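Below are the chains, spelled out letter by letter.
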Amino acid sequence: DSIVLMRVAGKVLEDFELEDAFAIVGTESNLEVLEDAGLMTDDAANATPSDVVLAVSGEIDADDLDRALDEMEAALKGEGADEQPEGAPAPIPPRSLSSGFRRASSANLVMISTPGEYAAREAWKALKMGLHVYLFSDNVSLEEEIALKEYGAENDLLVMGPDAGTAWINGLPLGFANAVTSGSVGIVSAAGTGLQEVMSLVDRFGGGISQGIGTGGRDLKDEVGGLMMKLGLESLAEDPETEVIVLISKPPDPKTLKEITQTLSTGSKPIVVNFIGGDLDVSDFEHVHVAETLEDAAWQAVDLLGIAKERPIENPRDIARDLFTDLGIRTNPRDRRYVRGLYSGGTLASEAVVMLEKTLDQVYSNISVGTPLDDARSMMAHSIVDYGEDEFTQARPHPMLDPRVRNQYLKETLEDPTVAVVLLDVVLGYGAHENPAQSVAETIQSVPVEKRPAILASVCGTEQDPQQFSRQKETLEAAGVMVAPSNAAAVKIARELTTFLDEDGGNTNGST
């Protein structure tokens, strides 16, 4: 349930030729996953929620399996970290929230990353101590979320989450976040990779971030009532460091949309809103601006600050024409009809579906937009799949940490002769894979050039990220990928490419 455990499992999967690797807290639900994977042992069966279970499997030498387990255990123990000065006592890690707070009494925020069944209890402790909460954990009940957020709203305390994948608070990244420049754009987002995309684009357009508040995806449901989006909006309105505010989410439920709209009407700072695929009537509010895409939201925010920046792609059709020509040289475009998106970021996948549905009759997906796929492991016609969904990540590393599962389906997609264009996201930042573009490039290069469809990718990140934006872009381009400046730009190019295929006689109307 934590980034640390996911990273540990993801690392040994790369270092050894393993089929599976688990580093999990011994909760009942996690042990069920271990059982389903065929890795249950007598020792694991006796594990409690106070234990961490390490398990690996693979058709390799038994000594290598043992070394993989040893590597995971050493990573969790922190072996290889800086040594303590000679004679100095080893630091004792805090065993509770209260003991941690005694060591850092000036702290005003707690990050919680425990199994979901225990996360709410820790969040209550933090709130009662007057601390803001960043709740990375998922599997917290809706009832608990409502109670926590009602208490937080009454006491001016942020409850970011549950399942808040990203935040950027006072210059510090939390969860999956990017290295961005400090500045005057404040963001409240109910979408994790949506927050990452806008923060990164603001940075690349020449702006900077004052705060990035993640609310968790359920905040805009009527049951929750947008409590944290409203509190975040009010906080940024009062923040002297914030000059422009950006709101990001999937469309709020109807009652909550009215309340959010009312909150928008009370401020005076410029506000840019991107409710992905949703409608927002702000015609009466001169200070509120609606953005069609995440890229547009970042662009408008920086433009409102009057900062010079590099303009994004303005003529996607010209790029699509070049891709179509290249596709025709390598293969027969008449045989290729479908757009397939393989995403690690759920918000980016949602944006792709919403944008593609404007020109294609039907787009299948495993997320809340589009036509539901019967099985996300078997794409059909035009399909967008988020490999960060539970069906792919239950007790396993997220694809931002371990891209192997997505790469497996990517290879199958590249070899499908009916696929015209593949859409990919590569997400950088703290906690993410150390070189995701290289992993994608190796998969692409395993398929002969003459058999590949057109491949479009976007890189969500900045030059300051540990993986370095320019290095990732160069790696993808060297593998034959067209790298667009944003996810929205990549989807626009894909849409234009389908029109060329349609004009050439291909069938791009979404039928099977």
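Residues numbered from 1 in each chain as written. Predicted model: local features only at pLDDT ≥ 70, side-chain atom pairs only at ≥ 80, totals over all residues. Heavy atoms only, no water.

**A few points about the packing of helix α8 (residues 192–204) against helix α11 (residues 294–305)**
Now for step 1: At a minimum axis distance of 9 Å, the contact between α8 and α11 shows a crossing angle of 40°. By the angle class used here, α8 and α11 are oblique. Handedness of the α8/α11 crossing: right-handed. Here Gly194, Glu197, Val198, Leu201 and Val202 of α8 come into contact with α11, specifically with Leu294, Glu295, Ala298 and Val302. (Axes fitted to C-alpha atoms, helices over the stretch in contact; angles between N-to-C directions. Helix = DSSP H or I, 4+ residues; strand = E, 2+ residues; numbered from the N terminus. Parallel < 35°, antiparallel > 145°, perpendicular 65-115°, else oblique. Left-handed = near helix turned anticlockwise from the far one by under 90°. Contact = heavy atoms within 4.5 Å.)

**So, the pairing of strand β3 (residues 109–112)**
Now for step 1: Burial along β3 is one-sided: Val110 and Ile112 are buried, and none of Leu109 and Met111, which face the opposite way, are.
Now for step 2: Sheet analysis places β3 next to strand β4 (residues 132–135), joined by four bridges and oriented parallel. When the bridges of β4 are listed, isoleucine 112 appears paired with leucine 135.
Now for step 3: Regarding topology, helix α6 (residues 116–128) serves as the crossover connection from β3 to the parallel β4, and that connection is right-handed. (Buried < 20%, exposed > 50% of the residue type's maximum accessible area, 1.4 Å probe, protein only. Pairing = 2+ DSSP bridges. Right-handed = clockwise from strand over helix to strand, strands pointing away.)

**Regarding the sheet that holds strand β5 (residues 159–160)**
Now for step 1: Spatial strand order, β3-β4-β5: three strands in an open sheet with parallel pairing. Across the chains shown, the open sheet's two edge strands, defined by having one partner strand only, are β3 and β5.

**Concerning the packing of helix α12 (residues 316–330) against helix α18 (residues 487–503)**
Now for step 1: Interaxial distance between α12 and α18 falls to 8 Å at its minimum, and their mutual angle equals 55°. Viewed along their axes, α12 and α18 adopt a mutual orientation that is oblique. The element α12 and its partner α18 pack so that their crossing is right-handed. Two secondary-structure elements touch here, α12 through Pro316, Arg317, Ile319, Ala320, Arg321, Leu323, Phe324 and Leu327 and α18 through Lys492, Ile493, Glu496, Leu497, Thr499, Phe500, Leu501 and Glu503.

**Some remarks on the nonpolar core**
Now for step 1: Core analysis: the largest hydrophobic core is formed by 106 residues, its most contacted members being Ile187, Val246, Leu247, Leu264, Ile384 and Leu423.
Now for step 2: No other element matches α18, which puts nine residues into this core.
Now for step 3: Ignoring sequence-local partners within four residues, the contact set of leucine 264 consists of Leu233, Leu247, Ile271, Val273, Leu280, Val282, His287 and Val288.
Now for step 4: Ranked by size, the runner-up nonpolar core spans 29 residues in total, among them Leu342, Ala376, Phe392 and Ile444. (Core = buried A, V, L, I, M, F, W, Y, C linked by side-chain atoms within 4.5 Å.)

The analysis is restricted to geometry; functional conclusions fall outside its scope.
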